[in-house]
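In case you want the letters, here they are:
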Amino acid sequence: QVQLAESGGGLVQPGGSLRLSCTASGIIFSIYTMGWYRQAPGKQRELVAAVPSDGSTNYADSVKGRFTISRDNAKNTVFLQMNSLKPGDTAVYYCNAVVRSRWSDAPRPTWGQGTQVTVSS
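Presented here is a report on the structure given in the accompanying data block.

## Let's talk about the overall build of the protein chain
No. 1: What the protein chain contains, in helices and strands, is zero helices and eleven strands.
No. 2: Rg of the C-alpha trace for the protein chain: 14 Å, near the compact-globule value of 14 Å for 121 residues, within the 12% margin.
No. 3: Evaluated residue by residue, the protein chain yields a buried proportion of 40% over its 121 residues.
No. 4: In the protein chain, of all internal contacts separated by at least 6 residues, the share reaching a separation of at least 24 is 56%.
No. 5: Surface accessibility of the protein chain: about 6,400 Å² in total, with carbon and sulfur atoms responsible for 49%.
No. 6: When the 12 basic and 7 acidic side-chain charges of the protein chain are each reduced to a single mean position, those positions are 2 Å apart.

Written out as structure tokens, the structure reads:
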């Protein structure tokens, strides 16, 4: 099985920065797209940013120019650098990875447990 371990959430003032990390472990043959989603109270989970295995990136319009996603393939880790944070960024942030555990397996999406990000003065 594959597990995703997230870290880096917390409380920050508006305008501040946080860096989230997510590392995949377990039986891993290959990892395809890695990404971050978020869910605010009363709202649906939404894509924040994603980075496929080719290194290209895509972002939600609401975070473009403020957030940067990157990955370290050697460490099976994805990062989300969040700058110029706003109260509207407050949410639980979830890591997602599409993983093939064995060469014979189909790629499957895996979720982390979530990490709280609160932006407040």
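## Quick word on the layout of surface pockets
No. 1: Considered as a void within the structure, the largest pocket measures approximately 180 Å³ in volume.
No. 2: For the largest pocket, the full set of lining residues is Gln1, Val2, Ile27, Val99, Ser101, Arg102, Asp105, Ala106, Arg108, Pro109 and Thr110.
No. 3: Ranked by residue count, the leading element in the lining of the largest pocket is strand β10 (residues 108–111), at three residues.
No. 4: The class makeup of the residues in the lining of the largest pocket is five nonpolar, three polar and three charged.

## Some points on the packing of aromatic side chains
No. 1: Inspection of the entire model under this criterion finds one aromatic pair.
No. 2: Centroid distance Tyr37 to Trp111: 4.9 Å. Interplanar angle 65°. Geometry classified as edge-to-face. Of this pair, Tyr37 sits in strand β4 (residues 30–39) while Trp111 sits in strand β10, and the two are 74 residues apart along the sequence.
No. 3: Under the relative-accessibility criterion, Trp111 is labelled partly exposed at 37%.
No. 4: Directly above the aromatic system of Tyr94 lies the positively charged group of Arg45, at a separation of 3.7 Å from the ring centroid.
No. 5: Note that Arg45 overlies the ring of Trp111, its terminal NZ or CZ placed 4.6 Å from the centroid.

## Regarding the nonpolar core
No. 1: Ranked by internal contacts, the top residues of the largest apolar core, which has 29 residues, are Trp36, Val48, Phe67, Val78, Leu80, Met82 and Tyr93.
No. 2: Among the elements that take part in this core, strand β9 (residues 91–100) stands out by supplying five residues, more than any other.
No. 3: Setting aside residues up to four positions removed in sequence, Phe67 forms contacts with Arg38, Val48, Tyr59, Leu80, Gln81, Met82, Asn83, Leu85, Asp89 and Tyr93.

## A closer look at unusual backbone geometry
No. 1: The backbone of Asn76 sits at a positive phi, close to 50°, despite the residue not being glycine.
No. 2: One can find Asn76 in the loop between β7 (67–72) and β8 (77–82).
No. 3: Of note, Ser84 is a non-glycine position whose phi angle comes to about 50°, a positive value.
No. 4: Considering the arrangement of structural elements, one finds Ser84 in the loop between β8 and β9.
No. 5: On the basis of relative accessible area, Ser84 is assigned to the partly exposed category, the value being 40%.

How each quantity is defined
One numbering rule holds for all chains: residues counted from 1, following each sequence as written. Totals for whole chains, interfaces and linings use all residues, but because this is a predicted model, local features are given only for residues with pLDDT of at least 70 and pairs of side-chain atoms are given and counted only at 80 or more. The side-chain numbers reported here are obtained from all heavy atoms of the structure, hydrogens and water having been left aside. Put simply, DSSP H or I for four residues or longer makes a helix, DSSP E for two residues or longer makes a strand, and each gets a number counted from the N terminus. It is over C-alpha atoms that the radius of gyration is taken, and the globule rule equals 2.2 Å times the number of residues to the power 0.38. Per-residue accessibility, obtained with a 1.4 Å probe over protein chains only, is compared with the maximum for each type, and a residue is labelled buried under 20%, exposed over 50%, and partly exposed between these values. The contact criterion used is simple: two residues touch if any of their non-hydrogen atoms lie within 4.5 Å. All accessible areas in this document rest on Shrake-Rupley with a 1.4 Å probe, and a residue is counted as covered only by the protein chains that are shown. Neither His nor the chain ends contribute to the count of charged residues, in which Lys and Arg are positive and Asp and Glu negative. Lysine's charge is taken at NZ, arginine's at CZ, aspartate's at CG and glutamate's at CD. A pocket, in this scheme, is an open set of points on a 1 Å grid over the protein atoms alone with protein on both sides within 12 Å along at least 5 of 7 lines, while a cavity is a set where a 1.4 Å probe fits but cannot get out; residues line either one if an atom lies within 4 Å of a point. Grid points are joined across faces, edges and corners, and a volume is the space filled by probe spheres set on the points. Polarity classes work like this: nonpolar for Ala, Val, Leu, Ile, Met, Phe, Trp, Tyr, Cys and Pro, charged for Asp, Glu, Lys and Arg, and polar for all others, with Gly in that last group. For Phe, Tyr and Trp, where Trp contributes only its six-membered ring, two rings pair if their centres lie within 6.5 Å, and the inter-plane angle classes them as stacked under 30 degrees, edge-to-face over 60, or tilted in between. Think of it as a cone above the ring: NZ of Lys or CZ of Arg counts as a charge over the ring if it is within 6 Å of the ring centre and within 35 degrees of the ring normal. We call a set of buried residues a nonpolar core when its members are Ala, Val, Leu, Ile, Met, Phe, Trp, Tyr or Cys and they connect through side-chain atoms within 4.5 Å of each other.

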